[in-house]
Structures are given as C-alpha cells and as structure tokens.
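If you want the building blocks of each chain, they are given just below.
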Amino acid sequence: MQTQLGSAVFPRLLRRSLSYIPSILYSLHSLLNLFHFFRFLSNSSPQSQKHKEMASPFLSNTIISFSSSLSSSSSLPRLAPSIPFSAIRSKSTPRRILTVRSKIREIFMPALSSTMTEGKIVSWVKSEGDVLSKGESVVVVESDKADMDVETFYDGILAAIVVGEGETALVGAAIGVLAETEDEIAEAKAKAASKSGASTPSAPPPAPTPAAASTPAPPKSTPAPAAPTVAEGPTKTVATPYAKKLAKQHKVDIESVVGTGPYGRITPEDIEAAAGLSPSKKNVGLAVVVETKPAAPAKAPAASAAPSSLPPPVPGSTVVPFTTMQSAVSKNMVESLSVPTFRVGYPVTTDALDALYEKVKPKGVTMTALLAKAAAMALAQHPVVNSSCKDGKSFTYNSNINIAVAVAINGGLITPVLQDADKLDLYLLSQKWKELVEKARAKQLQPQEYNSGTFTLSNLGMFGVDRFDAILPPGQGAIMAVGASKPTVVADADGFFSVKNKMLVNVTADHRIIYGADLAAFLQTFSKIVENAESLTL
C-alpha cells in the first residue's frame, strides 16, 4: 500500500517541480537583461555605448515585457519588439540638444536718472561696422543733468545707428543695432531701417492739418462754426455792465448768449438780439461777411489759434529751444510750486568764519565747503529740517545728511551732492567738493552725485548779493540762501557801537513738515556754529 502510494506521489511531485523550471529560467533571463540595461546606463560615453550595443544588440531594439501571471504549461515568454531603446533612455536621462543661434541685439536708450524720460545723443564713440567688446563705450548720451558714456553688454558688430548725433529718443527706445557675425549685418540693417521707418510716420501727422484747415471751405455749412471762433477768448463769461443790466431787465440768461464784442465780450446789442427786441447790427454784418466770403472764417481759426495763448514774437527776436538740462530745471521749478513753503531770514555774524577762511584758504578750503560743513553740523542737531515729504501724507527722516550745493554751469544749473557732509573732515570735504565741481562742469556727474541731496545750499554771496530767496527743490525739506558778508554797525547791550561782518541767511522750507519754531531753532544753531568757527575743524 505504501509502495503504491509512493509510486503515485513521486511522479506528481516531479511534475510539479518541473513546472517551476520555466519560471525560474525566465527570472534568471530577466535579471540578466536588467544587468545589461543598468550597465548600459552607467556609462554615457559614445564608445562605451557602442560597445554595449554590440554586446547586447537586442537591447537597442527591444524592451523587456513582464507578465503578471505565469502558466505551468507556458514556455519562456518572448521578448517582443516594442519601443526603441533610445526612447526609454530619453525618459530616464533626457538628452539636451544645444543649438548655437546667432543673435541681433538692440542698443537701447538707458535711463540715466530717475527723472529722465528721454535722452539726446551727444556723439557716437563707435561707427557702423566697428567690432565691439562687452563693457566698451559706444555712445555718449546727454541726460537731464550730465553727459554719460553708454556701454554695450554684448560682443558684436555695430551694424547700424538708428538715432544719429544731436537727435533725441525716449528711454527704452532702440538707438542702434548690434550684430553677432558679419553674415547678419544685412539683416541687422534691415531691422534698423524698420525701426527708423516705424518712428518716422509719427512726424507726418501735422502735415494733414493744412488740408484739414482748407477742407471746410467748400461746404456751405461752414458758417455755423463762425460763432465759436468769436467766443474762443476767455472761458469766463464777460459782459459789459450795461449788458448785464439789460439781461436782468429782460430776464435773459447771460450764460447762453454768444458775445460779438472783443474776445467774446457780450454787448448790449447781443442782449437785445437774444431778447428779440431788435436785430444786432454786428450779427447782421457778420452774417453778410460769412455769406460773401466763406473761406475767410475757415482760415481765421488756424491763424488765430496760436497767438491766442502766446504773445506774438518781438520783431527781430530769436527763439532758442531748451536744452535737456534746462527742460529738467524748468520741470522741477514748476513742480516746486505745488509745495506750500515759507521763508525765514536770520543775520549771522561772520568775523570768526572769515578769520578761519583766511587761515585754511591756502590749504584749498573754500567758503562753500565751510558753509556746507556748518549746515551739516546744524542739521545733525535738527533732523526735522533734514527730512522730506514726497506724498503729502508722511515724513521721511533721512539717515544721511547730504548737502546739495547749487552750481551754475554753461547752459543750466546743477546741484552736486556732498554725501555725509557731517562725517567728513573739513579738508576731505573740500577736496571732494573740488572734484564734484570739475565733474559738473564737464557734465560727467553720476546720478547719485546730483540727485541724492537732502538739504540744498545756494551761495550767491560770492557775487556780492546781500540777500535773496531760493526755490525749494522737489523732494527736499529746506534750502538755504546765503548772502554776502558785509560790515555792519552793531550796538551791544551797553549801548556801545561796533562794526562787525554780518551775512543774511534766508531759508525756504516745506511748511507741511517744518514749522517756524523748527526753522528758527535750526538757524540759531547754525549761527552759533559759524560764530565759533573753530569747531568746524574738529
């Protein structure tokens, strides 16, 4: 019985064990394929890749297909051709294809200051066709305060100049085109031509205006605009006293009456015509003129439009347009009118200051440097005078005391800034001031050297001016106007008279943040520092 049972079990176990052989062989085969796969990925060199593809050629055209279930009667699964191996490799380690493409770049008009909206080309340092290196000066641009060199950020060839010397361009506009290779010069020039062509159509629009002025002449409906031409004067209704009286008497709305008098003035005849009492002779005459000569009223508005707002030029006069700097000064002066200011004057005895000046003058110290140092020391004790108000809602207490000093240069005005004037030694401050003046007159100041002031000093005393008022620069709290020091008769407390040198100092301040008491205290401190001038050298 046991022999029969053993003879029956043994074949069954043998068959079951043999049924696992295909699975085992498949697993071994799969491990071998994985081994070759990871070896292939571990080496990225082309030689080793070619080597491995030769060693296992089936990996380059097939992928391993795994089955989730195995049958005992199935044979080894085939390796079915599927996605190329290169596709599998791109998913695991994507290969980046780099293509070097040549570029055509534009040279833009830079913003050389926070207030600059357009710049003027002073001169081109390089010419068309010149090879440029990164960081090399290409063009000199005149900003609102200085002339500055503009450098290129790329290597290349200056293919074309879009904005020539003496012309202006808005900030950010293309002023030149840079090509990377000689083969691209023609394409770059075509791009520059399109840039200049796109900017030129903006100029012709004024040309159609004469045609537009002449077109109203043929239609007979033009007499209607004749009435507004008379009323193009002041916007406020202007009428003679007798016309106003007639308007009240006849209950005529004077605002609805069109005046026929000079500059649209309403006359009594206009009121009578509006009330229907009698036709106005002037209106009849005007109607006759309009009917007989319809072309005349059409030309009148064009001829009288310009003189209505501007006075006629004086015969023999010459009109000179503003320079870029003069335009910036004009804009700042108009902007300063929106700030409520007040002015305080204070006499300061300068005997000690004059004596110190004679002592340090041989060492290169100027009176302007002495005054700037004294003002900076006084501002350190009164920080509210060194503050500013830019939005009308808050103070801005400046941590640095930067004294801007007005300097007249050819064709304008500029204010070089002595930064941290309270911390600099008097002699170092004088040396710094000398450098700033030389750069200002050469129009080579950097933006931070003229737009970072927190307090301004204007000294006309060197020209013999004894007193004057200064206009507050935008963005600052106060400006000091210094007059000349002159001998003055002074009486002391005992009634004895003496002669002392005195100068009058006038300070213009922003009344939104600086009050009278603040400014008076500042001027008292400034006066004490000047009267004890030896403290300036400490």
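A brief look at the structure comes next.

Rules and cut-offs
- Residues numbered from 1 in each chain as written.
- Predicted model: local features only at pLDDT ≥ 70, side-chain atom pairs only at ≥ 80, totals over all residues.
- Heavy atoms only, no water.
- Helix = DSSP H or I, 4+ residues; strand = E, 2+ residues; numbered from the N terminus.
- Buried < 20%, exposed > 50% of the residue type's maximum accessible area, 1.4 Å probe, protein only.
- Contact = heavy atoms within 4.5 Å.
- Areas by Shrake-Rupley, 256 points an atom, 1.4 Å probe, with all protein chains shown as cover.
- Polar contact = N/O pair within 3.5 Å; in protein donor to acceptor, adjacent residues only side chain to side chain.
- Pairing = 2+ DSSP bridges.
- Axes fitted to C-alpha atoms, helices over the stretch in contact; angles between N-to-C directions.
- Patch = residues over 30% accessible without salt bridge, like charges linked within 9 Å, V, L, I, M, F, W, Y side chains within 5 Å.
- Salt bridge = Lys/Arg side-chain N within 4 Å of Asp/Glu carboxyl O.
- Core = buried A, V, L, I, M, F, W, Y, C linked by side-chain atoms within 4.5 Å.
- Expected span 1.5 Å × (residues − 1).
- Arc of directions from axis to C-beta.

## Regarding the overall build of the protein
Next up, step 1: Each helix and strand in the protein was counted, giving 16 helices and 17 strands.
Next up, step 2: The 538 residues of the protein split such that 32% are buried.
Next up, step 3: Within the protein, counting contacts between residues at least 6 apart in sequence, those at least 24 apart form 62% of the total.
Next up, step 4: Total accessible area computed for the protein in this model is approximately 32600 Å², and 59% of it derives from carbon and sulfur atoms.

## Focus on the environment of glutamate 136
Next up, step 1: Inspection of the secondary structure assignment puts glutamate 136 in the loop between β3 (131-132) and β4 (137-142).
Next up, step 2: Leaving out residues up to four positions away in the same chain, glutamate 136 has contacts with Lys126, Val131, Val150, Glu151 and Thr152.
Next up, step 3: In terms of polar contacts, glutamate 136 uses its side chain to reach the backbone amide nitrogen of serine 133, at 2.9 Å.

## Let's talk about the sheet that holds strand β7 (residues 168-170)
Next up, step 1: The strand order β5-β4-β2-β7 describes an open sheet built from four strands, whose pairing is antiparallel. Taken across any chain shown, the strands that pair with only one partner, and hence form the sheet edges, are β5 (147-151) and β7. Taking the axes of each pair of neighbouring strands and ignoring which way they run, one obtains an average angle of 40° across the sheet.
Next up, step 2: The pairing of β4 with β5 spans five bridges and is antiparallel. Bridge assignment links serine 137 to a residue of β5, and that residue is glutamate 151.

## Things to note about the pairing of strand β1 (residues 104-108)
Next up, step 1: For β1, a buried count of four out of five residues is recorded, marking the element as mostly surrounded by other parts of the structure.
Next up, step 2: Relative to strand β8 (residues 174-179), β1 is paired through five bridges, and the arrangement is antiparallel. Paired with isoleucine 107 across the bridge in β8 is glycine 176.

## Thoughts on a nonpolar patch on the surface
Next up, step 1: A grouping of Leu14, Leu18, Tyr20, Ile21, Ile24, Leu25, Leu28 and Leu31 is seen on the molecular surface, where their side chains present a nonpolar patch of about 780 Å² in accessible area.
Next up, step 2: Among the elements of the structure, α1 (2-19) and α2 (21-42) are those that each provide at least two residues to the nonpolar patch.
Next up, step 3: For the nonpolar patch, the element with the highest residue contribution is α2, accounting for five residues.
Next up, step 4: Position of isoleucine 24 relative to the elements: it lies in helix α2.

## Re the nonpolar core
Next up, step 1: Counting residues in each nonpolar core, the largest one holds 56 residues, and the members touching the most others are Val385, Ile403, Phe455, Met480, Phe522 and Phe526.
Next up, step 2: Looking at this core element by element, the count peaks at nine residues for helix α14 (residues 367-381).
Next up, step 3: The contact partners of phenylalanine 522, leaving out residues within four places of it in the chain, are Ala375, Ala378, Leu379, His382, Val385, Phe455 and Met480.
Next up, step 4: Among the nonpolar cores identified, the runner-up in size contains 25 residues, and Ile104, Val139, Ala159 and Ala179 belong to it.

## Examining the environment of glutamate 151
Next up, step 1: If you trace the backbone, glutamate 151 turns up in strand β5.
Next up, step 2: Residue classification places glutamate 151 among the partly exposed residues on the basis of a relative accessible area of 45%.
Next up, step 3: Along the backbone, glutamate 151 and glutamate 136 are 15 residues apart, and their C-alpha atoms lie at a distance of 5.2 Å.
Next up, step 4: In this structure glutamate 151 touches Gly135, Glu136 and Ser137, once residues within four positions along its chain are discounted.

## Things to note about the sheet that holds β1
Next up, step 1: Ordered by their spatial adjacency, four strands build an open sheet running β1-β8-β6-β3, and the pairing between neighbours is antiparallel. Two strands close off the open sheet at either side, each with one partner strand: β1 and β3.

## Description of helix α12 (residues 324-336)
Next up, step 1: When the terminal C-alpha atoms of α12 are compared, their 19 Å separation across 13 residues agrees well with the 18 Å that a helix rising 1.5 Å per residue should span.
Next up, step 2: What α12 keeps buried is the set Thr324, Met325, Ala328 and Ser336. The buried residues of α12 occupy an angular sector of 110° when projected down its axis, which confines them to one face.
Next up, step 3: Among the structural elements, β2 (118-124), β4, β11 (407-409) and β12 (412-414) are those in contact with the buried residues of α12.

None of this, on its own, says anything about what the molecule does.
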